[in-house]
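Take a look at the letters that make up each chain.
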Amino acid sequence: MLSKDQIAQRIAREVKGGQYINLGIGIPTLVANYIPENLEVVLQSENGLLGIGPFPTEAEIDPDLINAGKQTITMVKGSALFSSAESFAMIRGGHVQLTILGAMEVSENGDIANWKIPGKMVKGMGGAMDLVASADNIIVAMQHCSKDGKSKLLKECSLPITGIRCVKKIVSDLAVLDVLPEGGFKLLERAPGISVEEIIAKTEGKLIIEGEIPEMKFD
Amino acid sequence: MINKTVANAAEAVKDVFSDAVLMFGGFGLSGLPENSIAALLEKDLNGLTCISNNAGVDDFGIGLMLKKRMVKKMISSYVGENAEFERQLLSGELEVELIPQGTLAERVRAGGAGIPAFFTPAGVGTEVAEGKEIREFDGKLYLMERWLRADFSFVKAWKGDTSGNLIFKGTARNFNPMMAAAGKITIAEVEELVPAGELDPNQIHTPGIYVQRIFQGVNYEKRIEQRTIRKS
(Lines give C-alpha, C1' and ligand atoms only; values in the text may rest on other atoms or scores of the structure.)
Protein backbone atom coordinates (compact mmCIF):
# COMPACT_ATOMS: atom_id res chain seq x y z
CA MET A 1 0.00 0.00 0.00
CA LEU A 2 1.17 3.51 -0.76
CA SER A 3 1.69 5.98 2.06
CA LYS A 4 0.19 9.44 1.73
CA ASP A 5 3.57 10.75 0.64
CA GLN A 6 3.91 8.02 -1.98
CA ILE A 7 0.47 8.87 -3.38
CA ALA A 8 1.63 12.48 -3.65
CA GLN A 9 4.94 11.38 -5.19
CA ARG A 10 3.13 9.30 -7.83
CA ILE A 11 0.70 12.13 -8.67
CA ALA A 12 3.64 14.50 -9.12
CA ARG A 13 4.71 12.40 -12.13
CA GLU A 14 1.53 13.54 -13.91
CA VAL A 15 2.56 17.18 -13.70
CA LYS A 16 3.85 18.77 -16.91
CA GLY A 17 6.04 21.84 -17.28
CA GLY A 18 4.16 25.06 -18.01
CA GLN A 19 1.03 24.05 -16.11
CA TYR A 20 -1.00 26.20 -13.74
CA ILE A 21 -2.11 23.86 -10.96
CA ASN A 22 -4.51 23.98 -8.02
CA LEU A 23 -3.71 21.62 -5.15
CA GLY A 24 -6.44 20.73 -2.67
CA ILE A 25 -6.07 20.30 1.07
CA GLY A 26 -4.43 17.14 2.49
CA ILE A 27 -2.46 14.72 0.29
CA PRO A 28 -2.71 17.05 -2.75
CA THR A 29 -0.79 19.73 -0.85
CA LEU A 30 2.06 17.22 -0.44
CA VAL A 31 2.35 16.89 -4.24
CA ALA A 32 4.24 20.20 -4.28
CA ASN A 33 7.12 18.50 -2.43
CA TYR A 34 7.66 16.05 -5.31
CA ILE A 35 7.39 18.22 -8.42
CA PRO A 36 10.87 18.13 -10.03
CA GLU A 37 12.67 21.45 -9.72
CA ASN A 38 13.39 21.60 -13.44
CA LEU A 39 9.65 21.68 -14.25
CA GLU A 40 8.34 25.23 -14.40
CA VAL A 41 4.84 25.15 -12.95
CA VAL A 42 2.74 27.70 -11.07
CA LEU A 43 0.65 26.71 -8.07
CA GLN A 44 -2.65 28.55 -7.62
CA SER A 45 -4.25 29.21 -4.27
CA GLU A 46 -7.95 29.98 -4.68
CA ASN A 47 -7.87 32.65 -2.00
CA GLY A 48 -5.94 34.82 -4.43
CA LEU A 49 -2.38 33.84 -5.34
CA LEU A 50 -0.53 32.45 -8.33
CA GLY A 51 2.92 31.29 -7.25
CA ILE A 52 2.72 29.50 -3.90
CA GLY A 53 6.18 29.05 -2.40
CA PRO A 54 7.40 26.89 0.47
CA PHE A 55 6.14 27.30 4.01
CA PRO A 56 7.86 30.28 5.69
CA THR A 57 10.59 30.27 8.28
CA GLU A 58 9.59 31.68 11.66
CA ALA A 59 11.00 35.05 10.56
CA GLU A 60 9.14 35.08 7.25
CA ILE A 61 5.64 34.41 8.67
CA ASP A 62 3.10 36.93 7.37
CA PRO A 63 -0.54 36.70 8.52
CA ASP A 64 -1.54 38.36 5.24
CA LEU A 65 -0.14 35.44 3.25
CA ILE A 66 -1.97 32.14 3.60
CA ASN A 67 -3.10 29.28 1.36
CA ALA A 68 -6.60 27.89 0.93
CA GLY A 69 -6.01 25.63 3.94
CA LYS A 70 -5.30 28.79 5.98
CA GLN A 71 -1.65 27.76 6.41
CA THR A 72 1.04 30.43 6.34
CA ILE A 73 2.99 30.36 3.05
CA THR A 74 5.51 32.32 1.01
CA MET A 75 5.41 33.51 -2.60
CA VAL A 76 7.84 32.50 -5.34
CA LYS A 77 9.45 35.12 -7.60
CA GLY A 78 6.99 36.35 -10.23
CA SER A 79 3.87 35.73 -8.14
CA ALA A 80 0.59 37.56 -8.64
CA LEU A 81 -2.09 38.43 -6.08
CA PHE A 82 -5.78 38.98 -6.82
CA SER A 83 -9.30 38.84 -5.41
CA SER A 84 -11.45 35.74 -4.91
CA ALA A 85 -13.65 36.76 -7.87
CA GLU A 86 -10.58 36.96 -10.14
CA SER A 87 -9.33 33.67 -8.72
CA PHE A 88 -12.49 31.78 -9.61
CA ALA A 89 -12.74 33.56 -12.94
CA MET A 90 -9.41 31.97 -13.85
CA ILE A 91 -10.63 28.62 -12.51
CA ARG A 92 -14.01 28.62 -14.29
CA GLY A 93 -12.43 30.13 -17.37
CA GLY A 94 -10.30 27.00 -17.76
CA HIS A 95 -6.98 28.76 -17.24
CA VAL A 96 -6.01 26.53 -14.32
CA GLN A 97 -5.17 23.36 -16.24
CA LEU A 98 -4.77 20.78 -13.53
CA THR A 99 -6.68 20.29 -10.31
CA ILE A 100 -5.56 17.71 -7.76
CA LEU A 101 -7.91 17.01 -4.90
CA GLY A 102 -9.02 14.41 -2.40
CA ALA A 103 -12.21 12.35 -2.59
CA MET A 104 -14.37 10.17 -0.38
CA GLU A 105 -15.91 8.41 -3.39
CA VAL A 106 -15.53 8.38 -7.18
CA SER A 107 -17.94 6.69 -9.55
CA GLU A 108 -17.04 4.81 -12.74
CA ASN A 109 -18.34 7.71 -14.85
CA GLY A 110 -16.12 10.23 -13.05
CA ASP A 111 -18.54 11.70 -10.51
CA ILE A 112 -16.82 12.78 -7.30
CA ALA A 113 -18.13 13.05 -3.73
CA ASN A 114 -15.90 14.83 -1.23
CA TRP A 115 -17.82 17.46 0.71
CA LYS A 116 -20.59 16.03 2.83
CA ILE A 117 -21.45 12.95 4.88
CA PRO A 118 -25.14 12.73 5.84
CA GLY A 119 -25.57 12.82 9.60
CA LYS A 120 -22.23 14.53 10.17
CA MET A 121 -21.57 18.23 10.57
CA VAL A 122 -21.43 19.78 7.11
CA LYS A 123 -18.49 22.12 6.81
CA GLY A 124 -19.12 23.25 3.27
CA MET A 125 -17.76 22.67 -0.17
CA GLY A 126 -15.33 25.60 -0.23
CA GLY A 127 -13.98 25.91 -3.76
CA ALA A 128 -14.25 22.22 -4.66
CA MET A 129 -17.45 22.46 -6.72
CA ASP A 130 -16.07 25.33 -8.80
CA LEU A 131 -12.77 23.50 -9.36
CA VAL A 132 -14.23 20.15 -10.43
CA ALA A 133 -16.76 21.84 -12.72
CA SER A 134 -14.03 23.73 -14.54
CA ALA A 135 -10.58 22.13 -14.92
CA ASP A 136 -9.85 20.00 -17.99
CA ASN A 137 -7.74 17.59 -15.99
CA ILE A 138 -8.75 16.46 -12.54
CA ILE A 139 -6.65 13.95 -10.61
CA VAL A 140 -7.93 12.49 -7.37
CA ALA A 141 -5.83 11.32 -4.41
CA MET A 142 -7.78 8.89 -2.25
CA GLN A 143 -7.88 5.72 -0.21
CA HIS A 144 -9.16 2.80 -2.28
CA CYS A 145 -11.35 1.49 0.55
CA SER A 146 -12.97 2.85 3.68
CA LYS A 147 -11.63 1.84 7.09
CA ASP A 148 -14.17 -1.00 7.23
CA GLY A 149 -13.01 -2.31 3.86
CA LYS A 150 -15.73 -0.99 1.53
CA SER A 151 -14.66 0.12 -1.93
CA LYS A 152 -14.69 3.86 -2.61
CA LEU A 153 -14.42 3.35 -6.38
CA LEU A 154 -18.07 2.75 -7.11
CA LYS A 155 -20.66 2.27 -9.84
CA GLU A 156 -22.46 5.30 -8.42
CA CYS A 157 -21.51 7.58 -5.55
CA SER A 158 -23.56 6.99 -2.40
CA LEU A 159 -22.58 10.31 -0.79
CA PRO A 160 -23.77 13.74 -1.99
CA ILE A 161 -21.93 14.60 -5.18
CA THR A 162 -19.46 17.47 -5.60
CA GLY A 163 -19.31 17.32 -9.42
CA ILE A 164 -20.34 15.08 -12.28
CA ARG A 165 -18.25 13.31 -14.94
CA CYS A 166 -15.12 15.23 -14.08
CA VAL A 167 -12.43 12.93 -12.60
CA LYS A 168 -9.85 11.84 -15.18
CA LYS A 169 -7.36 9.89 -13.06
CA ILE A 170 -7.18 8.33 -9.60
CA VAL A 171 -4.10 7.58 -7.54
CA SER A 172 -5.18 5.46 -4.57
CA ASP A 173 -3.13 3.64 -1.97
CA LEU A 174 -3.49 0.53 -4.15
CA ALA A 175 -3.44 1.61 -7.78
CA VAL A 176 -3.32 4.20 -10.55
CA LEU A 177 -6.44 4.20 -12.70
CA ASP A 178 -7.81 6.28 -15.56
CA VAL A 179 -11.51 7.09 -15.55
CA LEU A 180 -12.54 6.49 -19.15
CA PRO A 181 -14.86 8.95 -20.93
CA GLU A 182 -17.20 6.08 -21.81
CA GLY A 183 -17.18 4.94 -18.14
CA GLY A 184 -15.06 2.49 -16.17
CA PHE A 185 -11.80 2.50 -14.21
CA LYS A 186 -8.87 1.43 -16.39
CA LEU A 187 -6.13 -0.09 -14.23
CA LEU A 188 -2.71 1.32 -15.15
CA GLU A 189 -0.37 0.51 -12.27
CA ARG A 190 -0.50 -1.30 -8.96
CA ALA A 191 1.17 -0.40 -5.69
CA PRO A 192 4.24 -2.41 -4.67
CA GLY A 193 3.15 -5.77 -3.28
CA ILE A 194 -0.50 -5.36 -4.31
CA SER A 195 -1.88 -7.98 -6.72
CA VAL A 196 -4.33 -7.38 -9.54
CA GLU A 197 -6.69 -9.78 -7.76
CA GLU A 198 -6.71 -7.59 -4.65
CA ILE A 199 -7.52 -4.52 -6.74
CA ILE A 200 -10.33 -6.42 -8.47
CA ALA A 201 -11.72 -7.45 -5.09
CA LYS A 202 -11.58 -3.90 -3.76
CA THR A 203 -13.05 -2.06 -6.75
CA GLU A 204 -16.85 -2.06 -6.88
CA GLY A 205 -17.20 -0.06 -10.11
CA LYS A 206 -16.42 -1.41 -13.57
CA LEU A 207 -12.70 -2.25 -13.73
CA ILE A 208 -10.91 -2.60 -17.05
CA ILE A 209 -7.69 -4.61 -17.14
CA GLU A 210 -5.69 -5.01 -20.33
CA GLY A 211 -2.41 -6.95 -20.44
CA GLU A 212 0.24 -6.94 -17.73
CA ILE A 213 -0.23 -4.30 -15.03
CA PRO A 214 3.15 -2.92 -13.96
CA GLU A 215 4.09 -2.32 -10.34
CA MET A 216 4.89 1.27 -9.34
CA LYS A 217 8.51 2.00 -8.51
CA PHE A 218 9.74 4.50 -5.93
CA ASP A 219 13.27 5.71 -5.26
CA MET B 1 -12.34 64.82 -3.24
CA ILE B 2 -15.10 63.67 -0.92
CA ASN B 3 -13.91 63.03 2.61
CA LYS B 4 -15.24 59.67 3.87
CA THR B 5 -13.32 59.62 7.13
CA VAL B 6 -15.02 58.75 10.39
CA ALA B 7 -13.33 58.89 13.80
CA ASN B 8 -13.40 55.22 14.71
CA ALA B 9 -15.16 51.87 14.42
CA ALA B 10 -17.95 52.80 16.86
CA GLU B 11 -18.93 55.80 14.75
CA ALA B 12 -18.64 53.78 11.54
CA VAL B 13 -21.16 51.14 12.72
CA LYS B 14 -23.52 53.54 14.54
CA ASP B 15 -26.57 52.93 12.31
CA VAL B 16 -26.27 49.17 11.81
CA PHE B 17 -29.67 47.74 12.71
CA SER B 18 -31.08 44.37 13.75
CA ASP B 19 -32.16 42.05 10.90
CA ALA B 20 -29.75 43.79 8.51
CA VAL B 21 -27.81 41.91 5.82
CA LEU B 22 -24.07 42.30 6.43
CA MET B 23 -21.05 41.30 4.36
CA PHE B 24 -17.61 40.69 5.86
CA GLY B 25 -14.42 40.49 3.82
CA GLY B 26 -11.78 37.96 4.79
CA PHE B 27 -10.68 34.42 4.08
CA GLY B 28 -10.40 32.53 7.32
CA LEU B 29 -9.06 35.20 9.63
CA SER B 30 -6.94 36.88 6.95
CA GLY B 31 -8.18 40.27 5.76
CA LEU B 32 -10.89 40.34 8.41
CA PRO B 33 -12.42 43.70 9.46
CA GLU B 34 -11.41 43.15 13.10
CA ASN B 35 -12.21 46.64 14.38
CA SER B 36 -15.69 46.76 12.87
CA ILE B 37 -16.55 43.33 14.28
CA ALA B 38 -15.39 44.47 17.73
CA ALA B 39 -17.60 47.56 17.45
CA LEU B 40 -20.62 45.50 16.32
CA LEU B 41 -20.16 43.25 19.37
CA GLU B 42 -20.72 46.34 21.57
CA LYS B 43 -24.15 46.93 20.03
CA ASP B 44 -27.45 45.32 20.90
CA LEU B 45 -28.16 43.58 17.62
CA ASN B 46 -29.90 40.40 16.56
CA GLY B 47 -31.44 38.71 13.53
CA LEU B 48 -28.44 39.54 11.35
CA THR B 49 -27.74 37.78 8.06
CA CYS B 50 -23.97 37.53 7.63
CA ILE B 51 -22.36 36.87 4.26
CA SER B 52 -18.76 35.82 4.67
CA ASN B 53 -16.63 33.03 3.19
CA ASN B 54 -16.08 31.58 6.67
CA ALA B 55 -17.67 31.96 10.09
CA GLY B 56 -14.58 32.74 12.12
CA VAL B 57 -13.36 30.60 15.00
CA ASP B 58 -14.91 30.29 18.46
CA ASP B 59 -13.07 33.19 20.02
CA PHE B 60 -12.31 35.44 17.06
CA GLY B 61 -14.04 37.08 14.12
CA ILE B 62 -17.65 36.30 13.29
CA GLY B 63 -17.49 33.44 15.81
CA LEU B 64 -17.83 36.09 18.54
CA MET B 65 -21.02 37.44 16.94
CA LEU B 66 -22.42 33.91 16.84
CA LYS B 67 -21.62 33.46 20.51
CA LYS B 68 -23.62 36.62 21.31
CA ARG B 69 -26.58 35.22 19.30
CA MET B 70 -26.55 38.21 16.97
CA VAL B 71 -26.70 36.10 13.83
CA LYS B 72 -29.83 34.51 12.37
CA LYS B 73 -28.32 33.26 9.14
CA MET B 74 -24.83 32.65 7.73
CA ILE B 75 -24.12 32.55 4.00
CA SER B 76 -20.66 30.99 3.54
CA SER B 77 -18.64 28.44 1.59
CA TYR B 78 -16.81 26.71 4.44
CA VAL B 79 -17.52 26.83 8.15
CA GLY B 80 -15.38 24.07 9.56
CA GLU B 81 -13.43 25.86 12.27
CA ASN B 82 -16.09 26.81 14.77
CA ALA B 83 -17.63 24.58 17.48
CA GLU B 84 -20.25 27.14 18.57
CA PHE B 85 -21.37 27.41 14.95
CA GLU B 86 -21.85 23.65 14.85
CA ARG B 87 -23.81 23.65 18.09
CA GLN B 88 -26.20 26.40 16.94
CA LEU B 89 -26.64 24.79 13.55
CA LEU B 90 -27.48 21.36 14.97
CA SER B 91 -29.88 22.87 17.53
CA GLY B 92 -31.68 24.83 14.81
CA GLU B 93 -30.85 28.25 16.27
CA LEU B 94 -28.81 29.20 13.23
CA GLU B 95 -29.71 28.97 9.57
CA VAL B 96 -26.87 28.35 7.11
CA GLU B 97 -26.65 28.55 3.35
CA LEU B 98 -23.51 26.91 1.94
CA ILE B 99 -22.41 28.15 -1.45
CA PRO B 100 -19.51 27.06 -3.68
CA GLN B 101 -16.71 29.55 -3.03
CA GLY B 102 -16.44 30.77 -6.63
CA THR B 103 -20.20 31.17 -6.82
CA LEU B 104 -20.15 33.17 -3.59
CA ALA B 105 -17.42 35.44 -4.95
CA GLU B 106 -19.27 35.92 -8.25
CA ARG B 107 -22.67 36.47 -6.60
CA VAL B 108 -21.13 39.27 -4.54
CA ARG B 109 -19.30 40.65 -7.57
CA ALA B 110 -22.55 40.57 -9.55
CA GLY B 111 -24.34 42.41 -6.74
CA GLY B 112 -21.87 45.26 -6.89
CA ALA B 113 -21.77 45.29 -10.68
CA GLY B 114 -25.54 45.40 -11.28
CA ILE B 115 -25.84 41.90 -12.77
CA PRO B 116 -28.91 40.26 -11.20
CA ALA B 117 -28.08 36.70 -12.30
CA PHE B 118 -25.48 34.64 -14.15
CA PHE B 119 -24.78 31.05 -15.17
CA THR B 120 -22.01 28.91 -13.69
CA PRO B 121 -21.00 25.25 -14.08
CA ALA B 122 -20.27 24.91 -10.34
CA GLY B 123 -22.79 22.64 -8.65
CA VAL B 124 -24.46 21.17 -11.75
CA GLY B 125 -25.70 17.67 -10.85
CA THR B 126 -25.36 18.33 -7.11
CA GLU B 127 -27.80 19.40 -4.40
CA VAL B 128 -26.64 23.00 -4.96
CA ALA B 129 -28.56 22.90 -8.25
CA GLU B 130 -31.88 21.96 -6.64
CA GLY B 131 -34.61 24.43 -7.58
CA LYS B 132 -32.32 26.43 -9.86
CA GLU B 133 -32.69 27.02 -13.57
CA ILE B 134 -30.36 24.81 -15.62
CA ARG B 135 -29.45 25.75 -19.18
CA GLU B 136 -27.17 24.28 -21.79
CA PHE B 137 -24.70 26.58 -23.53
CA ASP B 138 -22.46 25.18 -26.26
CA GLY B 139 -23.00 21.62 -25.09
CA LYS B 140 -22.32 22.12 -21.38
CA LEU B 141 -24.79 22.52 -18.51
CA TYR B 142 -24.82 25.59 -16.28
CA LEU B 143 -27.04 26.72 -13.43
CA MET B 144 -28.39 30.18 -12.72
CA GLU B 145 -27.26 32.02 -9.61
CA ARG B 146 -28.53 35.36 -8.30
CA TRP B 147 -26.61 38.38 -7.12
CA LEU B 148 -25.98 39.13 -3.44
CA ARG B 149 -26.13 42.62 -1.96
CA ALA B 150 -25.92 43.92 1.59
CA ASP B 151 -27.18 46.75 3.77
CA PHE B 152 -23.65 47.13 5.16
CA SER B 153 -20.34 45.74 3.92
CA PHE B 154 -17.31 45.61 6.20
CA VAL B 155 -13.93 45.45 4.53
CA LYS B 156 -10.33 45.61 5.68
CA ALA B 157 -7.48 47.03 3.61
CA TRP B 158 -3.78 47.61 4.16
CA LYS B 159 -3.77 51.26 3.09
CA GLY B 160 -6.53 53.69 2.31
CA ASP B 161 -6.99 57.39 1.74
CA THR B 162 -9.58 59.83 3.02
CA SER B 163 -11.61 59.53 -0.18
CA GLY B 164 -11.96 55.77 0.32
CA ASN B 165 -9.44 54.41 -2.19
CA LEU B 166 -8.06 51.09 -0.95
CA ILE B 167 -4.93 48.97 -1.40
CA PHE B 168 -4.82 45.42 -0.08
CA LYS B 169 -1.83 43.30 0.89
CA GLY B 170 -1.09 39.65 0.14
CA THR B 171 -3.95 37.17 0.22
CA ALA B 172 -5.82 39.46 2.65
CA ARG B 173 -7.52 40.93 -0.44
CA ASN B 174 -9.79 37.87 -1.05
CA PHE B 175 -13.49 38.88 -0.85
CA ASN B 176 -12.91 42.48 0.24
CA PRO B 177 -13.02 44.25 -3.15
CA MET B 178 -16.28 42.64 -4.31
CA MET B 179 -17.94 43.15 -0.94
CA ALA B 180 -16.96 46.82 -0.96
CA ALA B 181 -18.94 47.23 -4.19
CA ALA B 182 -21.94 45.16 -3.04
CA GLY B 183 -22.78 47.12 0.11
CA LYS B 184 -25.31 49.96 0.25
CA ILE B 185 -23.05 51.36 2.94
CA THR B 186 -19.48 50.11 2.85
CA ILE B 187 -17.28 50.63 5.87
CA ALA B 188 -13.56 50.24 5.26
CA GLU B 189 -10.98 49.94 8.01
CA VAL B 190 -7.33 50.31 7.13
CA GLU B 191 -3.99 49.78 8.81
CA GLU B 192 -2.75 53.08 7.44
CA LEU B 193 -5.01 56.00 6.51
CA VAL B 194 -3.43 58.77 4.43
CA PRO B 195 -4.73 62.05 2.95
CA ALA B 196 -6.25 61.84 -0.53
CA GLY B 197 -3.50 62.23 -3.11
CA GLU B 198 -0.86 60.27 -1.26
CA LEU B 199 -1.66 56.87 -2.79
CA ASP B 200 -0.52 56.20 -6.34
CA PRO B 201 -3.71 56.04 -8.47
CA ASN B 202 -2.06 53.28 -10.53
CA GLN B 203 -1.92 51.03 -7.48
CA ILE B 204 -5.51 51.40 -6.19
CA HIS B 205 -7.33 48.05 -5.95
CA THR B 206 -10.74 49.37 -4.84
CA PRO B 207 -11.74 52.86 -6.01
CA GLY B 208 -13.26 55.09 -3.34
CA ILE B 209 -16.64 55.27 -5.09
CA TYR B 210 -17.52 51.97 -3.37
CA VAL B 211 -16.59 53.15 0.12
CA GLN B 212 -18.93 55.35 2.21
CA ARG B 213 -16.94 55.40 5.46
CA ILE B 214 -13.27 54.83 6.21
CA PHE B 215 -11.30 54.82 9.44
CA GLN B 216 -7.85 54.04 10.74
CA GLY B 217 -8.00 50.70 12.56
CA VAL B 218 -6.17 50.04 15.81
CA ASN B 219 -4.54 47.08 17.59
CA TYR B 220 -4.68 44.58 14.75
CA GLU B 221 -4.27 41.10 16.10
CA LYS B 222 -4.16 39.42 12.64
CA ARG B 223 -4.51 36.01 14.18
CA ILE B 224 -3.07 33.05 12.27
CA GLU B 225 -5.21 29.91 12.06
CA GLN B 226 -2.62 27.41 10.81
CA ARG B 227 0.86 28.61 11.70
CA THR B 228 2.96 26.43 9.41
CA ILE B 229 6.71 26.77 9.13
CA ARG B 230 9.25 24.86 7.09
CA LYS B 231 11.82 22.73 8.80
CA SER B 232 15.26 23.80 7.73
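Anyway, here's the lowdown on the structure attached to this text. (Residues numbered from 1 in each chain as written. Chains lettered and ligands numbered in written order. Predicted model: local features only at pLDDT ≥ 70, side-chain atom pairs only at ≥ 80, totals over all residues. Heavy atoms only, no water.)

### Quick look at the sheet that holds strand E10 (residues 169-172) of chain A
Residue and element names in this part refer to chain A. Taken together, 10 strands build an open sheet; the order of strands is E4-E3-E2-E1-E5-E8-E10-E11-E12-E13 and the sheet is mixed. Two strands lie at the open edges of the sheet, namely strand E4 (75-81) and strand E13 (207-208), each paired on one side alone. Here 3 bridges tie strand E1 (residues 20-23) to strand E2 (residues 42-45), and the two strands are oriented parallel to one another. When the bridges of E2 are listed, Tyr20 appears paired with Val42. Against the sheet, helix H1 (residues 4-12) engages strand E5 (98-102), strand E8 (137-142), E10, strand E11 (175-179) and strand E12 (185-190), with an angle of about 160 degrees to E8. (Pairing = 2+ DSSP bridges. Helix = DSSP H or I, 4+ residues; strand = E, 2+ residues; numbered from the N terminus. Contact = heavy atoms within 4.5 Å. Axes fitted to C-alpha atoms, helices over the stretch in contact; angles between N-to-C directions.)

### Looking at the packing of aromatic side chains
How two aromatic rings sit relative to each other is given by the distance of their centres and the angle of their planes. All chains considered together, the criterion is met by 4 aromatic pairs over all chains. Taking the centre distance of 5.8 Å and the plane angle of 65 degrees together, the rings of Phe137(B) and Tyr142(B) count as edge-to-face. Of note, Arg13(A) hangs over the ring of Phe218(A), and the distance from its end group to the ring centre comes to 5.0 Å. The ring of Trp147(B) carries the charged tip of Arg149(B) above its face, separated from the ring centre by 3.5 Å. (Phe/Tyr/Trp six-rings, centres within 6.5 Å; stacked < 30°, edge-to-face > 60°. Lys NZ or Arg CZ within 6 Å of the ring centre and 35° of its normal.)

### Considering the interface of chain B and chain A
Across the contact, 49 residues belong to chain B and 47 residues belong to chain A. Across the chain B/chain A interface, buried area totals approximately 4000 Å², and carbon plus sulfur atoms make up 60% of it. Ranking the residues of chain B by area buried against chain A places Phe27(B), Thr171(B) and Arg230(B) at the top, with a combined share of 17%. For the interface between chain B and chain A, the tally reads 7 salt bridges. Between Asp62(A) and Lys169(B) there is a salt bridge whose closest N-O contact spans 3.1 Å. Our count for the chain B to chain A interface comes out at 25 residue pairs in polar contact (both at pLDDT 80 or more). Of all the secondary structure elements, the ones that give two or more residues to the side of chain B that touches chain A are helix H4 (83-90), helix H5 (101-113) and helix H6 (176-182) of chain B. The leading source of residues in the side of chain B that touches chain A is H5(B), at 6 residues. Across the side of chain B that touches chain A, the residue classes break down as 19 nonpolar, 17 polar and 13 charged. (Buried area = accessible area lost by both parts, 1.4 Å probe. Salt bridge = Lys/Arg side-chain N within 4 Å of Asp/Glu carboxyl O. Polar contact = N/O pair within 3.5 Å; in protein donor to acceptor, adjacent residues only side chain to side chain. Nonpolar A, V, L, I, M, F, W, Y, C, P; charged D, E, K, R; others polar.)

### Section: empty space enclosed by the protein
Counting across every chain of the model gives 3 cavities of 30 Å³ or more. Pro63(A), Asp64(A), Leu29(B), Ser30(B), Gly31(B), Leu32(B), Glu34(B), Lys156(B), Tyr220(B), Lys222(B) and Arg223(B) together form the lining of the largest cavity. Here the lining of the largest cavity is built from residues that sort into 4 nonpolar, 2 polar and 5 charged. Its volume calculated, the second largest cavity comes out at about 50 Å³. Taken together, Pro63(A), Ile66(A), Lys70(A), Leu29(B), Ser30(B), Arg223(B), Ile224(B) and Glu225(B) form the lining of the second largest cavity. (1 Å grid on protein atoms, 1.4 Å probe; cavity = no way out; pocket = protein on both sides within 12 Å on 5 of 7 lines; lining within 4 Å. Points joined across faces, edges and corners; volume = space filled by probe spheres on them.)

### Regarding the layout of surface pockets
Within this model, the second largest pocket holds a volume of roughly 350 Å³. In terms of lining, the second largest pocket is formed by 19 residues, of which the most central are Val132(A), Ala133(A), Ile164(A), Arg165(A) and Lys140(B). Among the residues forming the lining of the second largest pocket, the class breakdown is 9 nonpolar, 5 polar and 5 charged.

### Notes on H1(A)
A turn of α-helix holds 3.6 residues, and therefore any two residues three or four places apart point the same way. Every buried residue of H1(A) is listed here: Ile7(A), Ala8(A), Gln9(A), Arg10(A), Ile11(A) and Ala12(A). Tucked into the core, H1(A) has its buried residues touching helix H2 (27-31), E5, E8, E10, E11 and E12 of chain A. (Buried < 20%, exposed > 50% of the residue type's maximum accessible area, 1.4 Å probe, protein only.)

### Considering the side chain of Thr186(B)
All names here are of chain B. Inspection of the secondary structure assignment puts Thr186 in strand E10 (residues 183-194). For Thr186, a relative accessible area of 0% gives the class buried. In this structure, Thr186 is in contact with Ser153, Val155, Met179, Ala180, Tyr210, Val211, Gln212 and Arg213, ignoring residues within four places of it in sequence.

### Section: the pairing of E8(A)
All names here are of chain A. With 5 of 6 residues buried, E8 lies mostly within the body of the structure. When E5 meets E8, the two strands line up parallel, connected through 5 bridges. Pairing of Thr99 across the sheet is with Ile138, part of E8. Judged from the 4 bridges that link them, E8 and E10 form a sheet pairing that is parallel. Bridge pairing in E10 places Val140 opposite Ile170.

### Quick word on the pairing of strand E4 (residues 95-98) of chain B
All names here are of chain B. Summarising the sheet, strand E3 (residues 71-76) and E4 pair through 4 bridges and their orientation is parallel. If you follow Ser76 over to E4, its bridge partner there is Leu98. After leaving E3, the chain enters H4 and then returns to the sheet as E4, a path that is right-handed. (Right-handed = clockwise from strand over helix to strand, strands pointing away.)

### What to know about unusual backbone geometry
The backbone of Lys70(A) shows a phi angle near 65 degrees, a positive value even though the residue is not glycine. Here Lys70(A) lies in the loop between strand E3 (49-52) and E4. What makes Lys70(A) buried here is its relative accessible area of 5%. Here Asp19(B), not a glycine, exhibits a phi torsion of approximately 70 degrees, which is positive. Structurally, Asp19(B) can be placed in the loop between helix H1 (9-12) and strand E1 (21-24).

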